Structure formats: C-alpha cells, structure tokens
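# Structure at a glance
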Amino acid sequence: MKRSKQLFFEAQKHITGGVNSPVRSFKGVGGIPIFFKQGKGQYLYDEDDNKYIDYVCAWGPLILGHAYCEVTRLIQETTINGLSFGAPSEIETKLASKIKQLMPSIELIRMCNSGTEATMSAIRLARGFTNRDKIVKFRGCYHGHSDSLLSSVSSEVLSLEEQSLGIPLAIAKNTISLDYNNITQVNELFSKIGELIAAVIVEPIAGNMGCILPVPGFLERLRELCTQYKCILIFDEVMTGFRVASGGAQQIYKITPDITTLGKIIGGGMPIGALGGRREIMEMLAPIGSVYQAGTLSGHPLSMVAGLATLEAISTPDFYSSLQEKTNILCEAIKDLGQRLSIPLVVNQTCGMFSIFFTQQILINSYSQVLTCNQNIFKEFFHGMLAEGLYFPPSSLESCFISSAHSLSDINITINAIKKVFSVLFKCFYSKNKE
Ligand SMILES: *Cc1c(COP(=O)(O)O)cnc(C)c1O
C-alpha cells in the first residue's frame, strides 16, 4: 500500500481529512484509505496495482458494475455535443418518462444533483403543501446532510439528538426521530401531534445502518397514518430505487408513497438526485407553484444519458432474479460459515444488497440493535477481506452491494475468502485456548 499511503499523505495537505466524503477516510475501520485508479466490471484496481472484487459499487449507483460499456460509450458521445446548456434538452424528458414507467407512483418528477438535494427539497415541498413544520424520521436512516434531516429531537424527551454542530436548535426541534420498525412509537406520536406533522420520511428498506428490512405492518401503518392525518409520506429510495426491484422497495411492499426521492442508480455513476410523486404535490414546485427549487446543473446531459442507459439495462427480464439469486447464494453461504466456524452473526439481505452483523442477537431490526454489534470483529473482518482481495464497505454501518457484473465464480472466491477470514476471527475472538 505504498502509493495509497503516499497519496493519502498528499491529499491531507490539501483536502480536509484527505477525503471529499467522511466515510472514505477509513475512520470506521482504521488504517489508510485505498486510492483507486480504475474500475472495470466487478473489479477495482488500486494505485499499488492490487485487484479487488468490489462490494461497495460506489455506495450503490453501479448496479451494472464499473465502466459498463453502453454507459461510458453514451457519455463519450454526449460530451462531443457540449457539456451543459442551462436550458432544456430532450434527454431529460426521456429519463423522466423512463423513471415514471418503472415507478408509477411518480406522476411528475424534478431532477437535481444529489440525494441530499432531493430529500431537502422533498421536505420543503411537503411543508409547503401541508402548511405544517414537523418532520418525522427514523433513527439510523440517512437522508443526506441538510439541516432538517441530519438533526432531530427524540420524541420522548424532546432533547437534541445526533451528531453535527452548526444546526440551529430551532430547526432541529422540528424533526422528530423514532425507532425504525417501532409501530407503537409511531402510533403514540401521531395520536399526540398528528395534525402538526408535515411529512414522514423513511428508507423503505434501510441501507444506511447496514441493511435492515421493514417488519410486516411498519410501512403499511405509516401509509395509513399519513393518509388519515393528511401528511406526506416520503419514501427515500435514493439507495433502494432500482436496486431491490425494477420499481424500488415500493413495488416489493406494494405501498404508494406521496413523494419518492431518488439518486445513485438513476445517474448510472454520474452525480444525480430526483424527487417525484403525486401531480398535485409536485405542481407546488416553481415555476408552477410557490415552493422554490432550482439547480444550475440539474438535468445534466451526462447524468441523464448515464442514468437512462442504466435503467434500460436493468429493464431486461431476468435482471433482478439473477441479482437476487447471487445475493442469496452469498448470504446463505455466509450464514452457514458463521454456524460451522462458530462466529455468531446475522445476515440481512435484499436484492443486490446485504449486511453482516457480528452479534449474538437473533435479529437486527433497529439502529439500537445495530449499535450493540461487535466493532472489533468487524474491523478485523474488513482488513482480512481486503488482504484477500475483496473490497467491502469500510464501515459497519454501510450495506454491501452486488452488481450484475459479479459472476458466480466471484461469489465462490468471496465465500472461500470469508471462510479463511472467519477461521482467523474464531482464533482471535472466540477460541478458549487462544495464545
Ligand atoms: C446516499 C443517500 C442519500 C444522499 O445522497 P447523496 O447523493 O450522497 O447526497 C440520501 N438518502 C439515502 C437513502 C441514501 O442512501
């Protein structure tokens, strides 16, 4: 890792913490972040010429793998005609109509440049539409880093929760955090202040505290209460949109949100975000309505073509069944290895996305349960896998991703590496006669 080390040293002189997004720093696992120079299909190549099977996939967007030929070809072709017009172009309508076709809850859409922008605008829109201020979110869900969604007060004590300085209490006070999958807390909150709530925002399958599935009835109850109290249900599908099914998590659970936020996959690896939903709500946005939202580079031609090519590629008949099958094979093998090698763990998974939790617990359904998982074992696991040529997310709170480029042979290589690493973990952490 000579060159990565040197490049990180240089980067730290010029870029805060040497990285342009905190999780890249390896703070969660220790050691020096790896600098990459190439991605190809399922593989990443670092600056020291090591090759890895990639289970990060740029944190979700690269569902087709790195440098998918149709995507890169169209990007190259598009650049020849100019990079950005700051005026409408046809490709924006093409991507919009493709998204609507795949996700029928979206009647109108607005493109922006990141998931953070999408959720920020979605809650402004919900507040404008309902003329209310309060937002409900769930602990462990991540909706980008706008003030309202990064901060919160807990419903029990109305005291400030969570991490970032620089957010006025006056703003944080309007965001209430509840526990993911806790229907009782949701019922109680609504019966107390339901008329004040502008929106409930939720990851319908959580992916930012590791992968956590909604318990039966949770999303259904959110839908019922939002309808009853006339507040807006926002599904943040920036991660799950076109990852877990061709119509996102809302298709799997058969629930129609009022607004959906998207990002990641719909940009095919280029910067993107989008919000869309019911026509009467979306028509509140400028220039039709009086909720303001804008962006110099929004609907950027390169993001549009990369996104459209990606959505075309996922629209093939067996795309998701094949991705699901690979995910199943890997996850079943990990569970099996955990049992055989006496490593207590829980594996949560959905199509193309999974998490390994090192824990004695039987189920992991909430953020408080995630926080009880063993960090030291995760760190050893991460570095062990890295040494075997497998790039897993450098944080126990992030989901792993599989792309369509991953082959069954990659999955087998991965299973063998996990077997090796688990044996070492057993000796380090569980064996009674460790030296
Ligand atoms: C990644 C993500 C975001 C933020 O998107 P950015 O493009 O990083 O701003 C928001 N919500 C969810 C669910 C995400 O996974």
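Read on for an overview of the structure.

Remark: the empty space left among the atoms is shown by a probe the size of a water molecule rolled over them. Of the volumes computed, that of the second largest pocket is approximately 700 Å³. What lines the second largest pocket is a set of 32 residues, among which Glu 92, Ile 109, Arg 110, Met 111 and Ser 298 lie closest to the centre. Those elements that place two or more of their residues in the lining of the second largest pocket are α3 (90–102) and β4 (108–112). Examining the composition of the lining of the second largest pocket, we find that five residues originate from one element, α3, more than from any other.

Before going further, it helps to examine the sheet that holds strand β3 (residues 51–54). Strands pair in a sheet through their backbones, by hydrogen bonds, and they do so in one of two ways: parallel or antiparallel. In spatial order, the strands read β1-β2-β3-β15; together these four strands make up an open sheet with mixed pairing. Each edge of the sheet is formed by a strand with only one pairing partner; in this case those strands are β1 (36–40) and β15 (390–391). In this sheet, strand β2 (residues 43–46) lies alongside β1 in antiparallel orientation, the contact comprising four bridges. Bridge assignment links Gln 38 to a residue of β2, and that residue is Tyr 45. Each of β2, β3 and β15 is contacted by helix α15 (residues 408–430), which is oriented at about 105 degrees to β3, the strand it contacts most.

For helix α7 (residues 183–193), the full list of buried residues reads Gln 185, Val 186, Leu 189, Phe 190 and Ile 193. The arc that holds the buried residues of α7, viewed along the axis, is 125 degrees, so those residues lie on one side. Along α7, exposed side chains directed more than 90 degrees from the buried face belong to Thr 184, Ser 191 and Lys 192. Tucked into the core, α7 has its buried residues touching β5 (134–139), β8 (175–179), β9 (197–202) and α8 (218–228). Regarding α7, its N-cap is Asn 182, as a side-chain oxygen of that residue lies 3.2 Å from the backbone nitrogen of Thr 184 further along.

Let us look at the pattern of salt bridges. As enumerated under the stated definition, the model contains 15 salt bridges in all. Between Arg 223 and Asp 258 there is a salt bridge, with its nearest N and O atoms 3.1 Å apart. With Arg 223 in helix α8 and Asp 258 in the loop between α9 (248–252) and β11 (259–263), the pair connects residues that are 35 residues apart, well separated along the chain. Judged by relative accessible area, which is 4%, Asp 258 ranks as buried. The salt bridge partner of Lys 335 is Glu 332, with a shortest N-O separation of 3.3 Å. Here the residue Lys 335 and the residue Glu 332 both occupy positions in helix α12 (residues 319–340), the gap between them amounting to three residues, near one helical turn. Residue classification places Lys 335 among the partly exposed positions, given a relative accessible area of 33%. Judged by its relative accessible area of 44%, Glu 332 is partly exposed. Here the residues in one salt-bridge network are Arg 223, Asp 258, Arg 278 and Glu 280, joined through shared partners.

Within the secondary structure, Asn 181 sits in the loop between β8 and α7. Spatially, the C-alpha atom of Asn 181 lies 9.3 Å from that of Ile 212, the residues being 31 residues apart in sequence. Setting aside its immediate chain neighbours within four residues, Asn 181 contacts Ile 212, Leu 213, Pro 214, Val 215, Phe 218 and Asn 365. Reaching out from Asn 181, the side chain makes a polar contact with the backbone oxygen of Leu 213 at a distance of 3.1 Å. Here Val 215 takes part through its backbone nitrogen, which lies 2.7 Å from a polar atom of the side chain of Asn 181.

With that settled, consider the side chain of His 406. Within the element layout of this structure, His 406 appears in the loop between β16 (400–401) and α15. Separated by 2.9 Å, the side chains of His 406 and Ser 403 make a polar contact.

Let's shift gears to the site of the ligand. Around the ligand, the neighbouring residues are Ser 114, Gly 115, Thr 116, Tyr 142, His 143, Gly 144, Glu 203, Asn 208, Asp 236, Val 238, Met 239 and Lys 264. Within the backbone of Gly 115, an N or O atom sits 2.8 Å from an oxygen atom of the ligand. Computed on the free molecule, the ligand has an accessible area of 380 Å², of which 83% lies beneath the protein chains in the complex. Classifying every residue of the shell around the ligand gives three nonpolar, six polar and three charged.

Turning to the nonpolar core, a few remarks are in order. Ranked by size, the top nonpolar core spans 70 residues in total, and within it Tyr 55, Ile 99, Phe 242, Phe 354, Phe 358, Phe 381 and Phe 422 carry the most contacts. Ranked by residues supplied to this core, first place goes to helix α11 (residues 301–314) with nine residues. The contact partners of Ile 99, leaving out residues within four places of it in the chain, are Ile 106, Ile 109, Met 111, Phe 242, Leu 262, Ile 266 and Leu 311. Membership of the second largest hydrophobic core comes to 31 residues, among which are Ile 197, Leu 225, Phe 235 and Ile 255.

Here the focus is the sheet that holds β16. Here three strands make up an open sheet; going across it, the order is β13-β14-β16 and the pairing antiparallel. Bordering the open sheet on either side are β13 (345–350) and β16, each of which pairs with just one other strand. Direction of pairing for strand β14 (residues 353–358) relative to β16: antiparallel, over a ladder of two bridges. Within the sheet, the bridge partner assigned to Met 353 lies in β16 and is Phe 401.

Rules used throughout
Residues numbered from 1 in each chain as written. Predicted model: local features only at pLDDT ≥ 70, side-chain atom pairs only at ≥ 80, totals over all residues. Heavy atoms only, no water. 1 Å grid on protein atoms, 1.4 Å probe; cavity = no way out; pocket = protein on both sides within 12 Å on 5 of 7 lines; lining within 4 Å. Points joined across faces, edges and corners; volume = space filled by probe spheres on them. Helix = DSSP H or I, 4+ residues; strand = E, 2+ residues; numbered from the N terminus. Pairing = 2+ DSSP bridges. Contact = heavy atoms within 4.5 Å. Axes fitted to C-alpha atoms, helices over the stretch in contact; angles between N-to-C directions. Buried < 20%, exposed > 50% of the residue type's maximum accessible area, 1.4 Å probe, protein only. Arc of directions from axis to C-beta. Polar contact = N/O pair within 3.5 Å; in protein donor to acceptor, adjacent residues only side chain to side chain. Salt bridge = Lys/Arg side-chain N within 4 Å of Asp/Glu carboxyl O. Near = heavy atom within 4 Å. Areas by Shrake-Rupley, 256 points an atom, 1.4 Å probe, with all protein chains shown as cover. Nonpolar A, V, L, I, M, F, W, Y, C, P; charged D, E, K, R; others polar. Core = buried A, V, L, I, M, F, W, Y, C linked by side-chain atoms within 4.5 Å.

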